[in-house]
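Residues per chain, in single letters:
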Amino acid sequence: MKGGGRSHSSYTREIGTDHGSMPAADNCDFINFVTELQNLQPSLLQYALGDILEVTLLPNDNVGAVGDHGLCGFITAVETTKLIICLKKGKKFKAAIQKISQNLCEVRVRPLN
């Protein structure tokens, strides 16, 4: 019977990239991702496209994006676990605002150089 056989396809998606022999979670220099901030704060309205926010480790391992006008929102992306590990090691990160409106703030997170 044509087309009636059983076949199995396996699809995988690579989440992290191996950069050398160091585990991806320890390789802080390669963290670079785009995400929408969550739980946006009222100060969001004072920020503009292109503003640079500091990525900050807050109580209870929450990660916030903070600028001159205060907390803008929280980073909850899949990469946040790696980000927390790196922040606890003293690494610094920035979040550049790429899209912004009254109810959305998209940022690119990368190391502060």
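Residues numbered from 1 in each chain as written. Predicted model: local features only at pLDDT ≥ 70, side-chain atom pairs only at ≥ 80, totals over all residues. Heavy atoms only, no water.

Enquirer: Mind laying out the nonpolar core, listing which residues take part and the relevant values?
Expert: If you look at the biggest cluster of nonpolar residues, it comprises 23 residues, and the most contacted ones within it are Leu-53, Val-55, Leu-83, Phe-93 and Val-109. Only strand S2 (52-58), strand S3 (62-67), helix H1 (80-88), strand S5 (93-101) and strand S6 (104-111) provide two or more residues apiece to this core. Element by element, the count of residues in this core is highest for H1, at four residues. In this view, Leu-83 contacts Ile-31, Phe-33, Val-55, Val-63, Ile-75, Phe-93 and Val-109; residues no more than four positions away in its chain are not counted. (Core = buried A, V, L, I, M, F, W, Y, C linked by side-chain atoms within 4.5 Å. Buried < 20%, exposed > 50% of the residue type's maximum accessible area, 1.4 Å probe, protein only. Helix = DSSP H or I, 4+ residues; strand = E, 2+ residues; numbered from the N terminus. Contact = heavy atoms within 4.5 Å.)

Enquirer: Can you tell me about the pairing of S5, naming the residues and giving the values?
Expert: Pairing analysis gives four bridges linking S2 to S5, with the strands arranged antiparallel. Counterpart to Glu-54 in the pairing with S5 is Lys-94. Pairing geometry for S5 and S6, over eight bridges, is antiparallel. Considered in S6, the bridge of Lys-99 is made with Glu-106. (Pairing = 2+ DSSP bridges.)

Enquirer: Describe H1, naming the residues involved and giving the relevant values.
Expert: Of all the residues in H1, the buried ones are Thr-80, Leu-83, Ile-84, Cys-86 and Leu-87. Axial view of H1: buried residues confined to an arc of 165 degrees, hence all on one face. Residues of H1 that are exposed and point over 90 degrees away from its buried face: Thr-81 and Lys-88. In this structure, the buried residues of H1 make contact with strand S1 (33-36), S2, S3, S5 and S6. Immediately beyond the C-terminal end of H1, within one or two residues, lies Gly-90, with a positive phi of roughly 95 degrees. (Arc of directions from axis to C-beta.)

Enquirer: So, the environment of Glu-36: which residues are in play, and what are the values?
Expert: Mapped onto the secondary structure, Glu-36 falls in strand S1. By relative accessible area, which is 39% here, Glu-36 ends up partly exposed. Each C-alpha atom, one on Glu-36 and one on Val-107, is 6.2 Å from the other, the two residues being 71 residues apart in sequence. The residues contacting Glu-36, other than those within four sequence positions of it, are Phe-74, Leu-104, Cys-105 and Glu-106.

Enquirer: So what about the sheet that holds S3? Which residues, and what values?
Expert: Taken in spatial order, the six strands line up as S1-S6-S5-S2-S3-S4 in an open sheet, and their pairing is antiparallel. Two strands lie at the open edges of the sheet, namely S1 and strand S4 (70-74), each paired on one side alone. Averaged over neighbouring strand pairs, the angle between their axes works out to 35 degrees when direction is ignored. Here H1 sits on the sheet and contacts S1, S2, S3, S5 and S6; the angle it forms with S2, its principal contact strand, is near 80 degrees. (Axes fitted to C-alpha atoms, helices over the stretch in contact; angles between N-to-C directions.)

Honestly, it's all geometry; don't read function into it.
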